[in-house]
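# Secondary and tertiary structure notes
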Amino acid sequence: MTLTRRAAVTGASALAFSGHAARAADWDRNWDKSGAKDPFRWHGRLCQGGFIIGQGAPGEPVSFDGMQITQAGPTGLFFIGFDRDQGPAATVETSQGRQVFAVQPVAYAVQRIDGLPPEQVTPQNPALLARIQRESEMKAKAFASRIDSEDFASGFSPPLTKALRTSAFGPQRILNGVPKTPHYGVDLAAPTGTRITAPADGRVVLAETDLWFEGGLTLIDHGQGLVCAFLHQSRLDVREGDLVRRGQTLGAVGAKGRATGPHLCWRATWRGRHLDPSLLLKAGEV
Ligand SMILES: [Zn+2]
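Below: a short report on this structure. All figures in this text were calculated on a predicted structure; none of them were measured in a lab.

## Some thoughts on the overall build of the protein
A tally of helices and strands in the protein yields 4 helices and 22 strands. Put simply, the protein has 286 residues, and 41% of those count as buried. In the protein, once contacts between residues fewer than 6 apart in sequence are set aside, the share between residues at least 24 apart is 66%.

What follows is the structure in structure tokens.
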């Protein structure tokens, strides 16, 4: 499936907005929205891999499924993400009250990929295992980033303007016949060298050119621990610590790491939960 003309136009027009003007407009997106009787204002995507953006009081603690998990940002906005395997209900509580959300289940496919080099699926070599361990610690540290910003609330644009979606979020993966963790990204095929742009404002919390599984990897915190990942890049144009704006070039598509061809694997996580990045966009954009 190629990106539709509508998608390209939507992405481009979204670039014209910034800051609070965009935030106000975002409440009118074609998303699930709060009702008159809800204790707090919110909008979002009520399904597995989805999320809500809510309105609380500035800096106040927010509970999710009984745990105080996050706190509202400077204008009171907060982000709550639903994991790929989130249960049928999600309870969110602020000082204004408690809201129970019905989270729609998603039927995930099973995906088999064969012909990957065995060392990329079932590594045995001790030196390689040590490298994988080191890289995993580096990533865990970056994923633990919790920037107190509300960048997630200004809307997301597709990171590639023209691409072929070769895998959706969520399928159970069987690599070379071995059951592995589900596919937590959206795969967008494009020629090596194609420009990747930041889908939203944020801070670069990891920029590594050559990781074993991910190849060139950039991680961006869009606020409150919503971290997007961009995998398999052939080139990186940003560094750790950089503040990026929506539409800014992050790097270029490649096939580095565990990849069968040039593509961007775009992922989104929030505090250990795996989200569907395409849900951050308006419907139909990717
Ligand atoms: Zn992928």
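## With respect to the sheet that holds strand β8 (residues 97-102)
If you trace the 4 strands from one edge of the open sheet to the other, you get β5-β4-β7-β8, paired in antiparallel fashion. Each edge of the open sheet carries a strand with a single partner, namely β5 (67-71) and β8. Across the sheet, the axes of successive neighbouring strands diverge by a mean angle of 30°, strand direction being ignored. Note that strand β7 (residues 89-94) and β8 share 6 bridges and pair antiparallel. Residue pairing across strands places Val-92 opposite Gln-99, the latter belonging to β8.

## Things to note about unusual backbone geometry
We note that Asp-65 has phi near 50°; this positive angle belongs to a residue other than glycine. Mapped onto the elements, Asp-65 comes out in the loop between β4 (61-64) and β5.

## Some remarks on the nonpolar core
Ranked by size, the top nonpolar core spans 57 residues in total, and within it Phe-51, Ile-53, Phe-79, Leu-219, Ile-220, Phe-230 and Leu-264 carry the most contacts. Examining the composition of this core, we find that 6 residues originate from one element, strand β17 (residues 226-233), more than from any other. Composition of this core by domain shows at least three residues from each of domain 1 (31-102) and domain 2 (110-280).

What counts and what doesn't
- As a convention, each chain's residues are numbered from 1 in the sequence order in which they are written.
- The predicted origin of the model limits local features to residues at a pLDDT of at least 70 and limits the giving and counting of side-chain atom pairs to 80 or more, whereas totals for whole chains, interfaces and linings rest on all residues.
- We count a stretch as a helix when DSSP gives it H or I for four or more residues in a row; a strand needs E for two or more, and each element gets its number in order from the N terminus.
- Residues with at least 20 neighbouring C-beta atoms inside 10 Å of their own are called buried, those with 12 or fewer are called exposed, and the rest are partly exposed, where every C-beta is derived from the backbone.
- Each residue is represented by a C-beta atom placed from its backbone, and any two residues with such atoms within 7 Å are regarded as in contact.
- Between any two strands, pairing holds if DSSP finds at least two bridges.
- For every element, the axis is a line fit to its C-alpha atoms; helices are fit only across the contacting stretch, and the angle between N-to-C directions ranges from 0 to 180 degrees.
- Each nonpolar core comprises buried Ala, Val, Leu, Ile, Met, Phe, Trp, Tyr and Cys residues, the members being joined through C-beta atoms within 7 Å.
- Each domain's extent was defined by an automatic or database domain assignment.

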